[in-house]
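# Fold and geometry: a report
One letter stands for each residue in the lines below.
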Amino acid sequence: MVQEGELALKSDLEILPREADTIEVDSLTHTYGIVMTKPESPSQPPLRQGEGEGISFILGALFLLFLIISLRFRNNIKYALTIFRNLVETRTRQNIFDDTVREASMIIMLNVLWCFCVGIIGFSFLEYYRGEKFTELPQWLGMVSVMGVAGVYALFMFGAYAGVGWVFSDRSHSELWVKGYSASQAMMAPAFFITALIAISRPGWILGVSITSAIVFIIVKMIFIWKGYRIFFNQFSSWVLFLCYLCSLEIVPLIISCRLASFLDESLR
């Protein structure tokens, strides 16, 4: 009898709703809204100290130099043709009207523009190559340092070509060679200007920008080297001298400049 009463009481308790559960359910309230949080991206590189610092001044100087070149030499296609002829022609007899002050100033400013662009592209590539280790150097300081290395390289190569031409050749052939070098740097400037702007505006494209700039550099350099060969080498035995020239004037200074730019940027950070 006791067991039957206990079972009946237990069944009645199971049927009756529990007060605690009823109160808990009734007290629940539902609210709706939007929570704005910044998504985390594990692939995003860490911010560098001085991110974007001084880039406006770099861009301003770059655009100002390009604007001066464009305004001063607009509608004068003959200057561009003269630069191209200086790069490819090997005739020693010059017309007295071939060279003017305006053409010389245009070549100088294009060479300066080339140094500016090389500084931007070179630093951007070093930043990409070093990755997270390259985090403390401000962008403007790194770009200016690589620009300085590019300027030293350009001046050194100009003096080296002039000195070698003066020692191993006559004055007219030496002038042709030096003009060809200055023209080669000037011819690369417009293409490097475009790639430098892409390197700043699209940092993720720096690998493709660097490869494109290297291809342009190699093509123009090969044209200049071919001109030098046509000027100075007219015998089969000249191949030995030509190989020595390639190693001493074209390969070694370029490698030293790249190493110097990398060392300078690393020491400044």
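The written sequence of each chain sets the order in which its residues are numbered from 1. Confidence filtering applies because this is a predicted model: local features only for residues at pLDDT of at least 70, side-chain atom pairs given and counted only at 80 or more, and all residues used for totals across whole chains, interfaces and linings. Only heavy atoms go into the side-chain values, all of them from the structure, while hydrogens and water stay out.

### As for the packing of helix 7 (residues 171-201) against helix 8 (residues 206-232)
Keep this limit in mind: Between the N-to-C directions of two axes lies an angle of 0 to 180 degrees, each axis being a line fitted to C-alpha atoms and, for a helix, fitted only over the stretch in contact. Comment: elements are numbered from the N terminus, with helices defined as DSSP H or I runs of at least four residues and strands as E runs of at least two. Each angle gets one of four labels, with under 35 degrees taken as roughly parallel, over 145 as roughly antiparallel, 65 to 115 as roughly perpendicular, and the rest as oblique. Residues were grouped as follows: Ala, Val, Leu, Ile, Met, Phe, Trp, Tyr, Cys and Pro as nonpolar; Asp, Glu, Lys and Arg as charged; and all remaining residues, including Gly, as polar.
Axis separation between helix 7 and helix 8 bottoms out at 10 Å; the angle between their running directions is 170°. The angle between helix 7 and helix 8 falls in the class roughly antiparallel. When its residues are assigned to classes, the contact of helix 7 with helix 8 shows 16 nonpolar, eight polar and two charged.

### Topic: the state of the cysteines
Put plainly, two cysteines are in a disulfide when a covalent bond ties their sulfur atoms together. Keep this limit in mind: The disulfide definition used here is simple: a pair of cysteine sulfur atoms within 2.5 Å.
All chains considered together, the criterion is met by zero disulfides. A disulfide-free cysteine, Cys 115 has its sulfur positioned 9.3 Å from the sulfur of Cys 117, the nearest such atom.

### Overview of the confidence of the model for the chain
Defined as follows: Confidence scores here are pLDDT values: one per residue, from the predictor, ranging 0 to 100. For this analysis, residues touch if any pair of their heavy atoms sits within 4.5 Å.
Taken as a whole, the chain shows an average pLDDT of 76; of its residues, 69% reach a score of 70 or greater. When the criterion is pLDDT under 50, residues 1-28 qualifies, and its contacts beyond four places in sequence or with other chains add up to one contact. Contacts from residues 40-50, a stretch scored under 50 in pLDDT, to residues over four places away or in other chains number 13 contacts.

### Here's the deal with the side chain of Glu 250
The cut-off we apply is this: Each residue is assigned to one of three classes by its accessible area relative to the maximum for its type, calculated with a 1.4 Å probe on protein chains only: buried under 20%, partly exposed between the two thresholds, exposed over 50%. Polar contacts, as used here, are pairs of N or O atoms within 3.5 Å; protein pairs need one atom able to donate a hydrogen and one able to accept it. Residues neighboring in sequence count only if both atoms are side-chain atoms.
Structurally, Glu 250 can be placed in helix 9 (residues 238-268). Glu 250 gets classed as buried once you look at its relative accessible area, which sits at 7%. One polar contact links Glu 250 to Tyr 161, side chain to side chain, over a distance of 2.3 Å. Contact partners of Glu 250, with chain neighbours within four places excluded, come to Tyr 161, Lys 221, Phe 224, Ile 225 and Tyr 245.

### Considering the pattern of salt bridges
Inclusion rule: Criterion for a salt bridge: a side-chain nitrogen of Lys or Arg within 4 Å of a carboxyl oxygen of Asp or Glu.
Enumeration over the complete set of coordinates arrives at two salt bridges. Where Arg 171 meets Glu 175, a salt bridge forms, and the shortest distance between an N and an O atom there is 3.2 Å. Within this pair, Arg 171 and its partner Glu 175 are both found in helix 7, separated by four residues, close to a single helical turn. The exposure class assigned to Arg 171 is exposed, which follows from its relative accessible area of 69%. We note a salt bridge from Glu 250 to Lys 221, for which the minimum N-O separation is 3.5 Å. Taken together, the residues span a long stretch of sequence, with Glu 250 in helix 9 and Lys 221 in helix 8 at a distance of 29 residues. This pair shows no difference in class: Glu 250 is buried, exactly as Lys 221 is.

### A few points about the nonpolar core
In plain terms, the rule: We call a set of buried Ala, Val, Leu, Ile, Met, Phe, Trp, Tyr and Cys residues a nonpolar core when their side-chain atoms join them within 4.5 Å.
Judged by nonpolar contacts, the single largest core of 52 residues is most densely connected at Leu 113, Trp 114, Ile 120 and Tyr 161. The element that contributes the greatest number of residues to this core is helix 5 (residues 101-130), accounting for 13 residues. Residues within four places of Tyr 161 in sequence aside, it is in contact with Ser 174, Trp 177, Val 178, Tyr 181, Lys 221, Phe 224, Tyr 245, Leu 249 and Glu 250.

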